[in-house]
Amino acid sequence: MPRQISYRWRLRELMAARGMFTVTELMPHLSERGITLSSSQVHRLVSGTPERLSLPVLAALCDILGCTPTDLIATSAENLTARRAVGQDAPIDLAARRPKRVRLTED
């Protein structure tokens, strides 16, 4: 059975819980830990959901916020139900769909 995996990036929530509300407040903390990112890169990291994230950046964020990667990335997985095409709720009875042969008789 196929599974749908999703995640939620919670950096902004954790920053707000620690009293950091802007990108400029986060940048010096990253620099202290040897992470050099431009302000636009940090803005994308805070405001969006990253597709790729380096482990040094993840470790620095966890150290700054006093959290674990599990706190930053909330994951969920659920089973997908199989999709059925329209009209495939029940097996098709082919005998009912075939035309019956006509028999001509003389009156």
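Note that the structure is predicted; figures quoted are calculated from it, not measured.

*Asks:* Please set out the overall build of the protein chain residue by residue, giving values where relevant.
*Replies:* For the protein chain, the count of helices and strands is six helices and two strands. Helices and strands appear in the protein chain in the N-to-C order β-α-α-α-α-α-β-α. Counting all 107 residues of the protein chain, 21% fall into the buried class. Long-range pairs, those at least 24 residues apart, make up 68% of the contacts in the protein chain between residues at least 6 apart in sequence. If you sum the accessible surface of the protein chain, you get close to 8800 Å²; carbon and sulfur atoms cover 52% of it.

*Asks:* I'd like a description of the confidence of the model for the protein chain, backed by residues and values.
*Replies:* Segments scoring low in pLDDT should not have their predicted coordinates read at a detailed level. For the protein chain, per-residue confidence averages 87 on the pLDDT scale, and residues scoring 70 or more make up 90% of the total. For the protein chain, the element scoring lowest by mean pLDDT is helix α6 (residues 94–97), at 72; helix α4 (residues 55–65) scores highest, at 96.

*Asks:* Give me the lowdown on the packing of helix α2 (residues 23–32) against α4, citing residues and values where you can.
*Replies:* Contact geometry of α2 with α4 gives a least axis separation of 10 Å together with a crossing angle of 115 degrees. One finds that α2 runs roughly perpendicular with respect to α4. The way α2 lies across α4 gives a crossing that is right-handed. Here α2 contributes Leu 26, His 29 and Leu 30 to the contact with α4, which in turn contributes Ala 60, Leu 61 and Ile 64. When its residues are assigned to classes, the contact of α2 with α4 shows five nonpolar, one polar and no charged.

*Asks:* Explain the nonpolar core to me, and be specific about the residues and the numbers.
*Replies:* In this structure, Leu 11, Leu 26, Leu 30, Leu 61, Leu 65 and Leu 72 are the most contacted members of the largest nonpolar core, which totals 21 residues. At seven residues, α4 tops the list of elements feeding residues into this core. Apart from residues no more than four positions distant in its own chain, Leu 72 is found in contact with Arg 8, Trp 9, Arg 10, Leu 11, Leu 14, Leu 58, Leu 61, Cys 62, Leu 65 and Cys 67.

*Asks:* I'd like to hear about the environment of Ile 73, residue by residue, with values.
*Replies:* Relative to the helices and strands, Ile 73 resides in strand β2 (residues 73–79). For Ile 73, the residues in contact, after removing those within four places along its chain, are Tyr 7, Arg 8 and Trp 9.

Rules of the game
Residues numbered from 1 in each chain as written. Predicted model: local features only at pLDDT ≥ 70, side-chain atom pairs only at ≥ 80, totals over all residues. Heavy atoms only, no water. Helix = DSSP H or I, 4+ residues; strand = E, 2+ residues; numbered from the N terminus. Buried < 20%, exposed > 50% of the residue type's maximum accessible area, 1.4 Å probe, protein only. Contact = heavy atoms within 4.5 Å. Areas by Shrake-Rupley, 256 points an atom, 1.4 Å probe, with all protein chains shown as cover. pLDDT = per-residue confidence, 0-100. Axes fitted to C-alpha atoms, helices over the stretch in contact; angles between N-to-C directions. Parallel < 35°, antiparallel > 145°, perpendicular 65-115°, else oblique. Left-handed = near helix turned anticlockwise from the far one by under 90°. Nonpolar A, V, L, I, M, F, W, Y, C, P; charged D, E, K, R; others polar. Core = buried A, V, L, I, M, F, W, Y, C linked by side-chain atoms within 4.5 Å.

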